[in-house]
Amino acid sequence: MKIYDDLTPLVHAAVAAAVKAGVRTLEIYNQDFSVETKDDDSPLTQADRDAHEIIISRLRTFELPVLSEEGREIPYDRRLAWEQFWMVDPLDGTKEFVKRNGEFTINIALIYRQSPVLGVVYVPVSQRLYFAAQGMGAFRCDLTDQTFILNGSFADLLSCSRRLRADVAGDRPYTIVGSRSHATLELEAYVAEKRRRHDVVDFIPAGSSLKFCLVAEGKADVYPRMGPTMEWDTAAGHVVAETAGATVVRADNGKPLLYNKPELLNPWFIVTAKR
């Protein structure tokens, strides 16, 4: 397996794959579509399947393994040998997609030795793109022309982007971002505790990996996840937040959040801006 030291071509390819998949998800989003239920009671649409196929076809050129939500049945004894691989959630926030509230994303990450080192989060409805890589930084680009990204160079991509810093909060109250569709009693207790410690606390509900991105942009101070997530839900947003200057750690012991574990379920974690 080839190990890629220069992440630039991989970032560019992942961005193009996410944007191309986003075009297809919007086509389905803007028409009538059916919703199936998976074994874990989560929803599944044709957009999930089509986005998966588009992303896989575009990432194949790098000859790296791919672990995707829509192809997750790969046994651990096979994954164990993967030193570097793609981690993909072709449609993060399918519940938000079904509700048509626009808060769903396409997530692509590169994992190296259990840590995410590259991440792309694309929001099809707003055409907002977040991308990041270790050694490169984290960026946001608001697209006005998708073909510009699909046909342009990496320099073109950077020219329409601005660097993100999680520590630029401005004059606002202490702000917590949390799940819109997966609130828990533990999250409510966490918010209540912060309200006892701060004069004013704002709470922003958001879907999908957008919560990582809000911390990365300096729009929120903390994203506590007190509920279940899978590795593909978090890997891309993890990189965006971390390279923007935030920390992403387990809630139970403060240690880094690791990937490609035998069990792909994440522990609870907290994303914090260094304000």
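Residues numbered from 1 in each chain as written. Predicted model: local features only at pLDDT ≥ 70, side-chain atom pairs only at ≥ 80, totals over all residues. Heavy atoms only, no water.

**Q** Explain the environment of Ala241 to me, please; I cannot follow it from the model alone.
**A** Mapped onto the fold, Ala241 is located in helix H9 (residues 231-243). Beyond its immediate stretch of four places on either side in the chain, Ala241 contacts Phe212, Ala216, Ala246, Val248 and Val271. (Helix = DSSP H or I, 4+ residues; strand = E, 2+ residues; numbered from the N terminus. Contact = heavy atoms within 4.5 Å.)

**Q** What is the right way to look at the packing of aromatic side chains in this model?
**A** The way to describe two aromatic rings as a pair is by their centre distance and the angle between their planes. Across all of its chains, the model carries 11 aromatic pairs by this definition. Arranged with centres 6.5 Å apart and planes meeting at 70 degrees, the rings of Phe131 and Phe154 form a pair that is edge-to-face. Note that Phe131 is positioned in strand S7 (residues 128-133) and Phe154 in helix H6 (residues 154-159), a separation of 23 residues in sequence. For the pair shown, Phe131 and Phe154 are each scored as buried. (Phe/Tyr/Trp six-rings, centres within 6.5 Å; stacked < 30°, edge-to-face > 60°. Buried < 20%, exposed > 50% of the residue type's maximum accessible area, 1.4 Å probe, protein only.)

**Q** In this structure, what is going on with the environment of Ser153? I would like to understand it.
**A** Tracing the sequence through the fold places Ser153 in the loop between helix H5 (146-151) and H6. According to the relative accessible area criterion, Ser153 is partly exposed, its value standing at 34%. Along the chain, Ser153 and His12 lie 141 residues apart, while their C-alpha atoms are 7.9 Å from each other.

**Q** Hey, could you run me through empty space enclosed by the protein in this one?
**A** A water-sized probe, rolled over the atoms, reveals where empty space remains. Throughout the structure, instances matching the rule amount to 1 cavity of 30 Å³ or more. When its volume is computed, the largest cavity comes out at roughly 40 Å³. The wall of the largest cavity is formed by Ser179, His182, Thr184, Leu187, Pro224, Arg225, Met226 and Gly227. (1 Å grid on protein atoms, 1.4 Å probe; cavity = no way out; pocket = protein on both sides within 12 Å on 5 of 7 lines; lining within 4 Å. Points joined across faces, edges and corners; volume = space filled by probe spheres on them.)

**Q** It is not clear to me how the state of the cysteines should be interpreted in this structure. Could you clarify?
**A** A covalent bond between the sulfur atoms of two cysteines is referred to as a disulfide. Considering all chains together, one arrives at 1 disulfide under this definition. One disulfide in the model links Cys141 with Cys160; its S-S distance is 2.1 Å. Taking the torsion about the sulfur-sulfur bond, which here is approximately -110 degrees, the covalent link between Cys141 and Cys160 counts as left-handed. Taken together, the positions of Cys141 in strand S8 (residues 137-142) and Cys160 in the loop between H6 and strand S9 (161-163) put the pair 19 residues apart, joining distant regions of the chain. (Disulfide = S-S within 2.5 Å.)

**Q** I'm lost on the layout of surface pockets in this one. Help?
**A** In this model, the largest pocket occupies a volume close to 610 Å³. The wall of the largest pocket is formed by 36 residues, among which Asp92, His182, Arg225, Pro228 and Asp233 lie closest to the centre. For the lining of the largest pocket, the elements supplying multiple residues, two or more each, are strand S4 (84-92), helix H4 (94-99), helix H8 (210-216), strand S12 (222-225) and H9. Looking at the lining of the largest pocket residue by residue, the classes come out as 9 nonpolar, 13 polar and 14 charged. (Nonpolar A, V, L, I, M, F, W, Y, C, P; charged D, E, K, R; others polar.)

**Q** Help me understand the sheet that holds S4 in this model?
**A** Spatially, 7 strands are ordered S3-S4-S5-S6-S7-S8-S9 in an open sheet, and the strand pairing comes out mixed. Looking at strand neighbours, the two that pair on one side only are strand S3 (66-68) and S9, the edges of this open sheet. Strand-to-strand twist across the sheet, computed as the mean angle between neighbouring axes with direction ignored, equals 20 degrees. Here S4 pairs with strand S5 (residues 105-112) via 7 bridges, running antiparallel. Counted as the bridge partner of Asp89 is Asn107 from S5. Contacting S4, S5, strand S6 (115-123) and S7, helix H1 (residues 8-29) runs over the sheet at an angle of about 35 degrees to S6. Each of S3, S4, S5, S6, S7 and S8 touches H9; the most contacted strand, S6, lies at about 100 degrees to it. (Pairing = 2+ DSSP bridges. Axes fitted to C-alpha atoms, helices over the stretch in contact; angles between N-to-C directions.)

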